[in-house]
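# Architecture at a glance
One letter stands for each residue in the lines below.
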Amino acid sequence: MIHIKAGENTGGREAIHRLIAAYNFRSRQQLCDHLGVNKSTMANRYLRDSFPAEWIIQCALETSASLLWLATGEGNPEIKISQKQINQISNVDIEKQNSPINFTKVDKSTLISGKLFSDGIAALDCSLLPQHTKGVSLLHTDTESYIISQAIETISNGYFLVSIDEVLSIVKITRLPKNRLIIEQNKTSFECDLDDIEIKGRAIKVFKSL
């Protein structure tokens, strides 16, 4: 009997590479488009190495590829896959075969009841970060995770970590003329002056839980 684990840190990256090869795609973006998932969902699965069981079943039904091979890499794919694609499966990035994963270590914290609690160090894939990004950290909430940059040149529309009356929260900001802001959080919103809040960081990536 073959036992296949599902969840985090269980060979999800390799399985995603096999999916790309089975569909004869060249990138994760093509796989996203076919499966109808957004890039942040794919990046979250890839970053956490989560086993994509539902995608594997869909691929097996659509391509007739071996379910065993898609899930474990064992056995015969049972579909035509070029040697080039087979070689690519072991690579971290299909589009950059000879490039190893580059990680950067960042501080990790959790936002609970308006306060930040340190949660150690996280290793982030550098491909998730814009070029020349400095001063980043990983922040978890109950339902989402954010890559936060402390390098803020101007306040424009987007998601920010802010302090309002010394209570921290992630909010969506829309900038208005004369330094006025619309602050949206969950299902509530209000308007205020820029000086009424303290900007702690800008969210440059958002990972949402399904």
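What counts and how
- Residues numbered from 1 in each chain as written.
- Predicted model: local features only at pLDDT ≥ 70, side-chain atom pairs only at ≥ 80, totals over all residues.
- Heavy atoms only, no water.
- Helix = DSSP H or I, 4+ residues; strand = E, 2+ residues; numbered from the N terminus.
- Buried < 20%, exposed > 50% of the residue type's maximum accessible area, 1.4 Å probe, protein only.
- Contact = heavy atoms within 4.5 Å.
- Pairing = 2+ DSSP bridges.
- Axes fitted to C-alpha atoms, helices over the stretch in contact; angles between N-to-C directions.
- Phe/Tyr/Trp six-rings, centres within 6.5 Å; stacked < 30°, edge-to-face > 60°.
- Lys NZ or Arg CZ within 6 Å of the ring centre and 35° of its normal.

### Brief notes about the overall build of the protein
Looking only at helices and strands, the protein features 6 helices and 9 strands. Residues counted as buried form 40% of the 210 residues belonging to the protein. For the protein, the share of sequence-separated contacts (at least 6 apart) that also reach a separation of at least 24 residues comes to 51%.

### Some points on helix α1 (residues 12-22)
In terms of residue burial, α1 counts as a mostly covered element, since 9 of its 11 residues are buried. Burial in α1 covers these residues: G12, A15, I16, H17, R18, L19, I20, A21 and A22. Backbone geometry just downstream of α1 places N24 in the positive-phi region, at approximately 65°.

### Describing the environment of C32
For C32, the position within the fold is in helix α2 (residues 28-35). Placed 11 residues apart in sequence, C32 and A43 show a C-alpha to C-alpha distance of 10.0 Å. Beyond its immediate sequence surroundings of up to four residues, C32 is in contact with V37, N38, K39 and M42.

### Here we look at the sheet that holds strand β2 (residues 115-125)
Backbone hydrogen bonds hold the strands of a sheet together, and the pairing may be parallel or antiparallel. Strand order in this open sheet of 9 strands is β2-β1-β3-β4-β9-β5-β6-β7-β8, and the pairing throughout is mixed. The two strands at the open ends of the sheet, each matched to only one other strand, are β2 and β8 (188-193). Each strand of the sheet is rotated relative to its neighbour by a mean of 40°, with strand direction disregarded. One ladder, built from 7 bridges, connects strand β5 (residues 158-164) with strand β6 (residues 167-176); its direction is antiparallel. Bridged to L161 within β6 is I170. On the sheet, helix α3 (residues 39-48) packs against β2, β3 (136-140), β4 (144-149) and β9 (198-208) and is oriented at approximately 85° with respect to β9.

### With respect to the packing of aromatic side chains
This model, assessed by the stated rule, comprises 1 aromatic pair. For the pair Y23 and F25, a centre-to-centre distance of 5.2 Å together with 15° between the ring planes defines the contact as stacked. Of the residues examined, F25 reaches a relative accessible area of 16% and is grouped as buried. Between R28 and the ring centre of Y46, over which it is positioned, the NZ or CZ distance is 3.8 Å.

Fair warning: the whole summary comes from geometry, so function is off the table for now.
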